[in-house]
Amino acid sequence: MALHRLATLLCALVMLPSAALASDESILHAEEVAPGIHALIGPTGARTFDNHALNANYGVIDTADGTILIDSGASRSAAGVLERQAVALTGKPVRWVINTGAQDHRWLGNDHFRARGVEVIAMQRTVATQRAVAAEQLDALRPVLGERLAGTTPAYASQMLGDDHSTLELGGRRIEIHYFADAHFPGDMVVWLPAEGIAFAGDHVYVDRLLGVRPRSNPESWLAAFEGLKGLQPRIIVPGHGNVTDLATAEAQTGAYLAFLVEHVKVLAEEMAGVDAAVAALAAAPQFEHLANFAELHRLNINRAYLHFESAP
């Protein structure tokens, strides 16, 4: 009997890594949006230890010469999760990583890929924001990820793009990189596949859940960035958060909400109504209440938008 229990225990210990791996790979739902082009859809809730802070969407693009991964995750550990899922989808190693922004889960996995010789691509303006926020992001992630943050070191693009609009030819795929204006973070940009009409919109677009205005967010420039994305007339949008969508849905759930903040909060700030009065006046927004996280974020968004407009020159 003792030998039987020992054998059972040993089998369980052997199975632990594969079980954990299976759990990790279930964090992101893969959806093929066009031949060889995949969205990895993350949870719309908060960053947690269990989800590796991968509460966002990512992209995987198959090319003749290897795999393009859009965004690298919030840690070395998360980058490994993304890499395994990308390789499973294409059967090819990751050759390129493109950062769409400076939020933690967009880029803190860069070091994992750079150590493996992968070319990491980002705009200079995006990297400038990454450098500015790296320390505070790591501090915020430590209590969430614990040991899963171990070994994570800020690393920046090996190819930095100086222009606001660049065209890349990667493995036979034409990839356009567009900066329209500062969005969720300064330096956010869009990955555009013109032949397929697909936009990997990064944090320009939130659907199914309410967007969050950060201390570094400028709702007015974010709205301008969204208008720039609209100008591409994408057929398919892979948003930064939420399900793969179309332009009409993105307009209703992101564009309209940003316009609401700009139209109503800015006026109250210019009138010096006071932040508490602005929150009280605008707390009811039934057209957006169906979005996840509305109760947690809407009042805070008004508060931060008001403070931004109040401090604007």
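Residues numbered from 1 in each chain as written. Predicted model: local features only at pLDDT ≥ 70, side-chain atom pairs only at ≥ 80, totals over all residues. Heavy atoms only, no water.

**Q** Give me the lowdown on the environment of Gly59, citing residues and values where you can.
**A** Looking at the secondary structure, you find Gly59 in strand E3 (residues 57-63). You can call Gly59 buried: its relative accessible area is 0%. Each residue touching Gly59, except ones within four places of it in the same chain, is listed here: His38, Ile68, Leu69, Ile70 and Phe200. (Helix = DSSP H or I, 4+ residues; strand = E, 2+ residues; numbered from the N terminus. Buried < 20%, exposed > 50% of the residue type's maximum accessible area, 1.4 Å probe, protein only. Contact = heavy atoms within 4.5 Å.)

**Q** Pulling in residues and values, what's your account of the side chain of Ser221?
**A** Within the secondary structure layout, Ser221 lies in helix H6 (residues 219-231). A distance of 2.9 Å separates the side chain of Ser221 from the backbone oxygen of Asp182, its partner in a polar contact. What Ser221 contacts, discounting residues up to four positions off in sequence, is Ala181 and Asp182. (Polar contact = N/O pair within 3.5 Å; in protein donor to acceptor, adjacent residues only side chain to side chain.)

**Q** Before we move on, could you go through the environment of Ala256 and cite the residues and values that matter?
**A** Looking at the secondary structure, you find Ala256 in helix H7 (residues 247-270). When its relative accessible area of 29% is taken as the criterion, Ala256 is described as partly exposed. Taking the C-alpha atoms as reference points, Ala256 and Leu223, 33 residues apart in sequence, are found 8.9 Å from one another. If we skip the residues at most four places from it in the chain, Ala256 touches Glu251 and Phe288.

**Q** Which residues make up unusual backbone geometry, and what values go with them?
**A** Excluding glycine, a negative phi dihedral is what most residues carry, and trans is how most peptide bonds are arranged. Although it is not a glycine, Asp71 adopts a positive phi angle of roughly 80 degrees. Its place among the elements puts Asp71 in the loop between strand E4 (66-70) and helix H2 (76-90). On the basis of relative accessible area, Asp71 is assigned to the buried category, the value being 1%. Here Gln233, not a glycine, exhibits a phi torsion of approximately 55 degrees, which is positive.

**Q** Please give an account of helix H5 (residues 124-145) that cites residues and values.
**A** Along H5, the helix axis deviates most sharply at Val133, where the bend reaches about 50 degrees. Among all positions in H5, only Thr126, Val127, Thr129, Gln130, Val133, Ala134, Gln137, Leu138, Leu141 and Leu145 are buried. Those residues of H5 that are buried lie in contact with helix H3 (104-107), strand E6 (119-123) and strand E7 (159-161). Just downstream of H5 lies Gly146, where phi reads positive at about 55 degrees. (Bend = angle between axes of the 7 residues up to and from the residue.)

**Q** Describe the packing of aromatic side chains, and please don't skip the residues or the numbers.
**A** Tallying each qualifying case throughout the model produces five aromatic pairs. Between the aromatic rings of Trp107 and Tyr156, the centroid separation amounts to 5.4 Å while the plane-to-plane angle is 20 degrees, which identifies the pairing as stacked. With Trp107 in helix H3 and Tyr156 in the loop between H5 and E7, this residue pair connects regions lying 49 residues apart in the sequence. For Trp107, a relative accessible area of 0% puts it in the buried group. Judged by its relative accessible area of 15%, Tyr156 is buried. Among the aromatic residues, ring-to-ring pairing joins Tyr257, Phe260 and Phe288 into one connected group. A cation over a ring is seen here: Arg125 above Tyr179, with NZ or CZ 3.8 Å from the ring centre. Directly above the ring of Tyr156 sits Arg131, whose terminal nitrogen or CZ lies 4.2 Å from the centroid. (Phe/Tyr/Trp six-rings, centres within 6.5 Å; stacked < 30°, edge-to-face > 60°. Lys NZ or Arg CZ within 6 Å of the ring centre and 35° of its normal.)

**Q** Quick rundown of the UniProt feature "domain: Metallo-beta-lactamase" (unreviewed entry) in the protein chain? Include the residues and the values.
**A** In the numbering used here, UniProt assigns the feature "domain: Metallo-beta-lactamase" (unreviewed entry) to residues 55-241. Between the C-alpha atoms that bound residues 55-241 the distance is 8 Å, and the span itself is 32% helix and 30% strand. (UniProt positions renumbered as here; feature names shortened; annotations may be inferred.)

**Q** Which residues make up the sheet that holds strand E12 (residues 236-241), and what values go with them?
**A** Pairing in this open sheet of five strands is mixed, and the strands run E8-E9-E10-E11-E12 from one edge to the other. The two strands at the open ends of the sheet, each matched to only one other strand, are strand E8 (165-170) and E12. On average, each strand axis in the sheet is inclined to that of its neighbour by 25 degrees, with strand direction left out of account. Direction of pairing for strand E10 (residues 190-193) relative to strand E11 (residues 198-206): antiparallel, over a ladder of three bridges. Bridge pairing links Trp192 to Ala199 in E11. Against the sheet, H6 touches E10 and E11, its axis set at about 165 degrees to E11. Contacts between H7 and the sheet are confined to E11 and E12, with E11 contributing the most and set at about 10 degrees to the helix. (Pairing = 2+ DSSP bridges. Axes fitted to C-alpha atoms, helices over the stretch in contact; angles between N-to-C directions.)

**Q** Requested: an account of H2, with residues and values cited.
**A** Taking 1.5 Å as the rise per residue, H2 with 15 residues should run 21 Å; its terminal C-alpha atoms sit 21 Å apart, in good agreement. Taken as a whole, H2 has its buried residues at Ala78, Ala79, Gly80, Val81, Leu82, Glu83, Gln85, Ala86 and Thr90. For H2, the side-chain oxygen to backbone nitrogen distance between the N-cap and Ser77 is 3.3 Å, and the N-cap itself is Ser75. At the exit of H2 stands Gly91, carrying a positive phi of roughly 75 degrees. (Expected span 1.5 Å × (residues − 1).)

**Q** Go over the packing of H7 against helix H9 (residues 294-311), please, and point to the residues and values.
**A** In a pair of packed helices, the angle between the axes and the distance between the axes together describe the arrangement. Running from amino to carboxyl end, H7 crosses H9 at an angle of 55 degrees, the nearest separation of the two axes being 9 Å. One element, H7, and the other, H9, form an angle in the oblique class. Crossing of H7 over H9 shows right-handed handedness. Residue-level inspection shows Tyr257, Phe260, Leu261, Val262, Val265, Lys266, Leu268 and Ala269 of H7 in contact with H9, the latter providing His298, Asn301, Ile302, Ala305, Tyr306, Phe309 and Glu310. (Parallel < 35°, antiparallel > 145°, perpendicular 65-115°, else oblique. Left-handed = near helix turned anticlockwise from the far one by under 90°.)

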